[in-house]
Amino acid sequence: MAMKERDYVFDASYQPQVRTPRGTSNIMLDVIIALLPALCVGVWAFGMKVVLLLAVSVCSCVFFEWIYRKLMKKPKSIGDLSACVTGLLMTLVMPVNATWWMMIIGAFFAIIVVKQLYGGIGKNFINPALGARAFLLASYSSAMTTWAVPTALAGQVDAETMATPLSYLYADNFTALPDYFSMGNLFLGIRPGCIGEISALAILIGFAYLLIRKVITWRIPVSFVGTVAVLCLIFGKSGTGMNHAEWMLYNVLSGGLLLGAIFMATDYATSPVTPKGQLIYGIGCGAITVLIRYFGSYAEGVTYAILLMNLLAFSLDKHTKVRRFGVSKEDEKAEKEAAKKEAKAS
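Numbering of residues starts from 1 in every chain and runs along the sequence as written. Owing to the predicted nature of the model, reporting of local features is limited to residues with pLDDT of at least 70; listing and counting of side-chain atom pairs is limited to 80 or more, with chain, interface and lining totals taken over all residues. No hydrogens and no water enter the side-chain calculation; it runs on all heavy atoms of the structure.

### Observations regarding the overall build of the protein
Then, in step 1: Secondary structure is summarised from DSSP: a helix means a run of H or I of at least four residues, a strand means a run of E of at least two, and numbering begins at the N terminus for each. Each helix and strand counted, the protein has 16 helices and zero strands in total.
Then, in step 2: We compute the radius of gyration over the C-alpha atoms and compare it with the globule rule, which gives 2.2 Å times the number of residues raised to the power 0.38. Its C-alpha radius of gyration of 22 Å places the protein within 12% of the 20 Å reference for a compact globule of 346 residues.
Then, in step 3: Each principal axis of the C-alpha distribution contributes one length, and for the protein these read about 70 × 55 × 45 Å.
Then, in step 4: Expressed as a percentage of its 346 residues, the buried residues of the protein come to 49%.
Then, in step 5: Between two residues, a contact is recorded if the distance between any of their heavy atoms is within 4.5 Å. Of all intrachain contacts in the protein linking residues separated by at least 6 positions in sequence, the fraction that spans at least 24 positions is 70%.
Then, in step 6: Only four residue types enter the charge count: Lys and Arg as positive, Asp and Glu as negative, with His and the chain ends excluded. Charged groups are reduced to one reference atom each: NZ for lysine, CZ for arginine, CG for aspartic acid, CD for glutamic acid. Measuring between centres, the 30 positive side-chain charges of the protein sit 7 Å from its 21 negative side-chain charges. Throughout this description, buried means an accessible area under 20% of the type-specific maximum (1.4 Å probe, protein chains only), exposed means over 50%, and partly exposed covers the range between.

### Focus on unusual backbone geometry
For residues that are not glycine, phi is negative in most cases, and the peptide bond is trans in most cases.
Then, in step 1: Residue Leu81 is not a glycine yet carries a positive backbone phi of 70 degrees.
Then, in step 2: Among the structural elements, Leu81 can be located in the loop between helix H2 (49–71) and helix H3 (82–92).
Then, in step 3: The phi dihedral of Lys214 falls on the positive side, at around 60 degrees, and the residue is not glycine.

### Digging into helix H10 (residues 219–234)
Then, in step 1: Expected helix span is given by 1.5 Å per residue-to-residue step, counting one fewer step than there are residues. In this model H10 runs 22 Å from its N-terminal to its C-terminal C-alpha over 16 residues, within 8% of the 22 Å that 1.5 Å per residue would give.
Then, in step 2: Burial in H10 covers these residues: Ile220, Pro221, Ser223, Phe224, Val225, Thr227, Val228, Ala229 and Cys232.
Then, in step 3: In the core, the buried residues of H10 are packed alongside helix H9 (200–212), helix H11 (244–253), helix H12 (257–264), helix H13 (275–295) and helix H14 (302–310).

### Some words on H11
At 3.6 residues per turn, the α-helix brings residues three or four places apart onto the same side.
Then, in step 1: Inspection of H11 places Trp247, Met248, Tyr250, Asn251, Val252 and Leu253 among the buried residues, and these make up the whole buried set.
Then, in step 2: For H11, the elements touching its buried residues are helix H7 (165–169), helix H8 (183–188), H9, H10, H12 and H13.

### Remarks on the pattern of salt bridges
Then, in step 1: Salt bridge, as used here: a side-chain nitrogen of Lys or Arg that lies within 4 Å of a carboxyl oxygen of Asp or Glu. This model, assessed by the stated rule, comprises three salt bridges.
Then, in step 2: Residues Arg213 and Asp30 are paired through a salt bridge, measuring 3.1 Å at the closest nitrogen-oxygen approach. Here Arg213 is found in the loop between H9 and H10, whereas its partner Asp30 is found in helix H1 (residues 24–46), with 183 residues between them in sequence.
Then, in step 3: Classification of Arg213 as partly exposed rests on a relative accessible area of 37%.
Then, in step 4: Close ionic contact of Glu300 with Arg293 constitutes a salt bridge, the shortest N to O distance being 2.9 Å. No difference in accessibility class separates Glu300 from Arg293, as the two residues are buried.

### Re the confidence of the model for the protein
Then, in step 1: pLDDT is a per-residue confidence score from the predictor, ranging from 0 to 100. On average, residues of the protein score 89 in pLDDT, and 90% of them reach the 70 mark or higher.
Then, in step 2: When the criterion is pLDDT under 50, residues 1–7 qualifies, and its contacts beyond four places in sequence or with other chains add up to two contacts.

### With respect to the packing of aromatic side chains
Then, in step 1: Put simply, two rings from Phe, Tyr or Trp (the six-membered ring, in Trp's case) pair if the centres are within 6.5 Å, and we call them stacked under 30 degrees between planes, edge-to-face over 60, tilted for the rest. Applying the stated criterion across every chain yields a total of 13 aromatic pairs.
Then, in step 2: An angle of 80 degrees between the planes, with centres 5.4 Å apart, marks the rings of Trp101 and Tyr140 as edge-to-face. One end of the pair, Trp101, is in helix H4 (residues 100–115); the other, Tyr140, is in the loop between helix H5 (128–139) and helix H6 (141–144), and 39 residues separate them in sequence.
Then, in step 3: Between Tyr118 and Phe125, the aromatic rings sit 4.8 Å apart at their centres with planes inclined by 65 degrees, giving edge-to-face as the arrangement.
Then, in step 4: On the accessibility criterion, Tyr118 (45% relative accessible area) is partly exposed.
Then, in step 5: Relative accessible area serves as the criterion here: at 36%, Phe125 is assigned to the partly exposed category.
Then, in step 6: Feature note: the residues Phe63, Phe64, Trp66 and Phe108 constitute an aromatic cluster, connected by ring pairs.

Here it is, written out as structure tokens:
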């Protein structure tokens, strides 16, 4: 019985160049589906304002991508869903206290400045959503570091805002974590924080989906989170009353580590494609995260760790590329010398 031939997509204009039965829109749809558990937990924890912020963010990202490409007379690209993913990710890395106009500013920075000015999807040198978050954090630091009390804790905390578990862990004058910041609550999502980072369980469900769909590999998330875990296990912080294992678990479950490692650091355009490069990239992200948390004035370090390693992705690919089949080291050396001579001659 003859097999039906499948239609494969090959577009050499975007990076990485792969032949696959799935196009960009299919991959982006998988990412959206994987993010739905974290989004649903965010709505449950913080209410319907999350939906408003999401609508403003996604619509703004789509609009800015459409208008830029129309004014520049470039082919339409909103159908690939990448702008929708950027808007969704940007919502999930924001506190619910953010205003609607902050989402519009962030969308402009993410789509126009980070993405389109460098050529569009696949050509941006840093993650657009994290770039927008870093920009907003520098511009509106107070609003970006004010955390609303989740609905589940409303009866236990007599306030409208509260400190995050990570803020407690890295406070200059450490005080014991409140009882409601148990590891179980951190795992399920009963804690303050950015909209999409609060539930480790929801994020891990999305991670499993992406692995099953083969959208990402395990290398970057596991090496990223594993590096943070190992360093925190070795270098536990004194004066907290925790043993090293507890300190490590609280560092892994608090903050945006899991969300960043799984959904941000694995961005195709800004992460290495070679297996060895991905492992080095993940280890670098983890090490920088711990350095910022331990020695910086800001309790969280995931955003800046990923952005810094984004800048090294090309270099990592260059120095970890696999030798072509049938080409010896001597052949590669001869090719490099020939290329140098040709460059000097020109």
